[in-house]
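# Structural overview
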Amino acid sequence: MRTLVDKINELLNSKKRITITTHTNPDGDAIGSSFALYHYLLKHNHDVKVVTPNKHPEFLDWVPGIKDVEIYDDNPEKCKKIINDSDLVFTLDFNDLKRASKLGLTINQFKGTTIMIDHHQNPVGYSDIEISEPNITSTSEMIYMFIKISGKIDKIDKDIATCIYLGMMTDTGSFQYKGVNSSTHQIISSLLACGVDNNKIYNNVYNSNEISKLRLLSVALKNLELITENKTAVMHITQDDLKKNDYKKGDSEGIVNYGLTLSGIHFSVIFIEDEDEKNKFKISFRSKENFPCNDFASSFFNGGGHLNAAGGIYKGNLNSAIEYFKKSLNEF
Ligand code: 5GP
Ligand code: MN
């Protein structure tokens, strides 16, 4: 990592126009890593913007700096110009431009330098400088390491620390996942020393639900199906369910994890129909122990992710989706 960090710092030696981008449906780590880097680069007097493909969920509205975010879906022309006028584009928390939807196409045509910082397995290789660390549990932690290796740990203030903490907390399931180790906690310790209010961040993210979220949770739990022979739980939420329950972005996040709270269940899946396009499902996969969600998602659902958390898509009606899923599971 050090050689790559040195290379990036050479580029940062003079004032640059920089755009930071992340993946579609940005989550805590996408937003946390982007705004941590944003505040850090602003401190070095660069001209910095964050551009996301689409709107972040409301439970991230409190993130320091997020009021300045530019959202590609809301204003594609403006965002294209921001990218094209940049010297450097950072792409954070994804490793395939497809994950950034239409914004990915703009980045693909960008003539300046692109820098990927990411922790997903098997990067496609689209950037000029690529920092890929699949063993690190969040991109936000990689931003911490970038700052540390740059010898600028003293630049981490409360805002930067808060953003890094957010991404580390959300991508580790609040520090419960396997990849969490003593180094994770050492970093957390140093972030707390910068004044991070961990309790407030947790409450902002997890205890600020709208009633629509609990209603959708109840829909999913009601239709939860167990495939005991495969230690699997399957749930779904249809477009009708979304409409009836006044769905808001982010409401469906985390519901898939409830399947894993069952004893004897190692694999949990949720099919969520697109809010605009019928018969198109976004699928979330979660597992305990060694069941490889990413391999399963890439083999059958045109997706990917990590060992214990992955996503994919399916086009077709709900019944065929579940049937195809069961067949795939038996084949796997
Ligand atoms: P989620 O289920 O929360 O949407 O995604 C879980 C993990 O899988 C995330 O780390 C995300 O980056 C990855 N992921 C989700 N959807 C896709 C997809 O369509 N393609 C790929 N390659 N990864 C995905
Ligand atoms: Mn991440």
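Residues numbered from 1 in each chain as written. Chains lettered and ligands numbered in written order. Predicted model: local features only at pLDDT ≥ 70, side-chain atom pairs only at ≥ 80, totals over all residues. Heavy atoms only, no water.

## Considerations on the coordination of the manganese ion (ligand 2)
Protein-derived coordination of the manganese ion (ligand 2) comes from Asp29 (OD), Asp93 (OD), His119 (NE2) and Asp171 (OD), at a distance range of 2.2 to 2.4 Å. Between the donor residues of the manganese ion (ligand 2), the gaps in sequence give the motif D-x63-D-x25-H-x51-D. Of the two residues, aspartate 29 sits in helix α2 (residues 28-43) while aspartate 171 sits in helix α6 (residues 158-171), which places them 142 residues apart along the sequence. Like aspartate 171, aspartate 29 is buried. (Donors = N, O, S within 2.8 Å, 3.2 Å for Na, K, Ca; no water. Helix = DSSP H or I, 4+ residues; strand = E, 2+ residues; numbered from the N terminus. Buried < 20%, exposed > 50% of the residue type's maximum accessible area, 1.4 Å probe, protein only.)

## Structural notes on the sheet that holds strand β9 (residues 267-273)
Note on sheets: strands pair through backbone hydrogen bonds, and any given pair is parallel or antiparallel. If you walk across this open sheet you meet the six strands as β7-β8-β9-β10-β12-β11, and the pairing is mixed. At either end of the open sheet lies a strand with only one pairing partner, and these are β7 (225-227) and β11 (304-305). Of the strand pairs in this sheet, β11 and strand β12 (residues 309-315) are connected by two bridges, and their pairing is antiparallel. Residue pairing for β12: glycine 305 is matched across the bridge by alanine 310. (Pairing = 2+ DSSP bridges.)

## Let's talk about the sheet that holds strand β4 (residues 88-92)
Reading across the sheet, the six strands line up as β3-β2-β1-β4-β5-β6 and stay open at both edges, with parallel pairing between neighbours. Every interior strand has two partners, whereas the edge strands, β3 (70-71) and β6 (129-132), have only one. The pairing of strand β1 (residues 17-22) with β4 spans five bridges and is parallel. Opposite threonine 21, over in β4, you have threonine 91 as the bridge partner. Sheet strands in contact with helix α4 (residues 101-109) are β1, β2 (47-52), β4 and β5 (113-118), and its direction is about 145° off that of β1. (Contact = heavy atoms within 4.5 Å. Axes fitted to C-alpha atoms, helices over the stretch in contact; angles between N-to-C directions.)

## Topic: the packing of α2 against helix α5 (residues 139-149)
Interaxial distance between α2 and α5 falls to 8 Å at its minimum, and their mutual angle equals 20°. Viewed along their axes, α2 and α5 adopt a mutual orientation that is roughly parallel. Between α2 and α5, the residues in contact are Asp29, Gly32, Ser33, Ala36, Leu37 and Tyr40 and Thr139, Ser140, Ile143, Phe146 and Ile147, respectively. A breakdown of the residues in the contact of α2 with α5 according to their chemical character gives six nonpolar, four polar and one charged. (Parallel < 35°, antiparallel > 145°, perpendicular 65-115°, else oblique. Nonpolar A, V, L, I, M, F, W, Y, C, P; charged D, E, K, R; others polar.)

## Here we look at the site of ligand 1
Taken together, Arg99, His120, Lys282, Ser284, Arg286, Gly303, Gly304, Gly305, His306, Ala309, Ala310 and Gly311 make up the full set of residues near ligand 1. Serine 284 is positioned such that a nitrogen or oxygen atom in its side chain is 2.6 Å from an oxygen atom of ligand 1. Glycine 311 places a polar main-chain atom, nitrogen or oxygen, 3.3 Å from an oxygen atom of ligand 1. Protein burial of ligand 1: of its 490 Å² of free accessible surface, 76% is covered by the chains. When residues of the shell around ligand 1 are traced back to their parent elements, those giving at least two are β10 (280-287), β11 and β12. Residue classes in the shell around ligand 1 are distributed as two nonpolar, seven polar and three charged. (Near = heavy atom within 4 Å. Polar contact = N/O pair within 3.5 Å; in protein donor to acceptor, adjacent residues only side chain to side chain. Areas by Shrake-Rupley, 256 points an atom, 1.4 Å probe, with all protein chains shown as cover.)

## Some details on the packing of α2 against α6
Running from N to C, α2 and α6 cross one another at 160°; their axes reach a closest spacing of 7 Å. In this view, α2 runs roughly antiparallel relative to α6, as classed from their interaxial angle. Here α2 runs over α6; the crossing is left-handed. Packed against α2, whose contacting residues are Gly28, Asp29, Gly32, Phe35, Ala36, His39, Tyr40 and Lys43, the element α6 presents Asp159, Ile160, Cys163, Ile164, Leu166, Gly167, Thr170 and Asp171 at the interface. Considering only residue class, the contact of α2 with α6 consists of seven nonpolar, five polar and four charged. (Left-handed = near helix turned anticlockwise from the far one by under 90°.)

## Here's the deal with the domain arrangement of the protein
Size of an interface, as often reported, equals the accessible area lost when the parts are brought together. Along its sequence, the protein is organised into domain 1 (2-206) and domain 2 (211-331). A C-alpha centroid distance of 27 Å is found between domain 1 and domain 2. Counting residues at the interface gives twelve residues for domain 1 and ten residues for domain 2. Each partner contributes to the roughly 860 Å² buried at the junction of domain 1 and domain 2, and carbon and sulfur atoms together form 48% of this total. Looking only at domain 1, the three residues that lose the most surface to domain 2 are His120, Gln121 and Lys178, adding up to 37% of its buried area. (Domains from an automatic or database assignment. Buried area = accessible area lost by both parts, 1.4 Å probe.)

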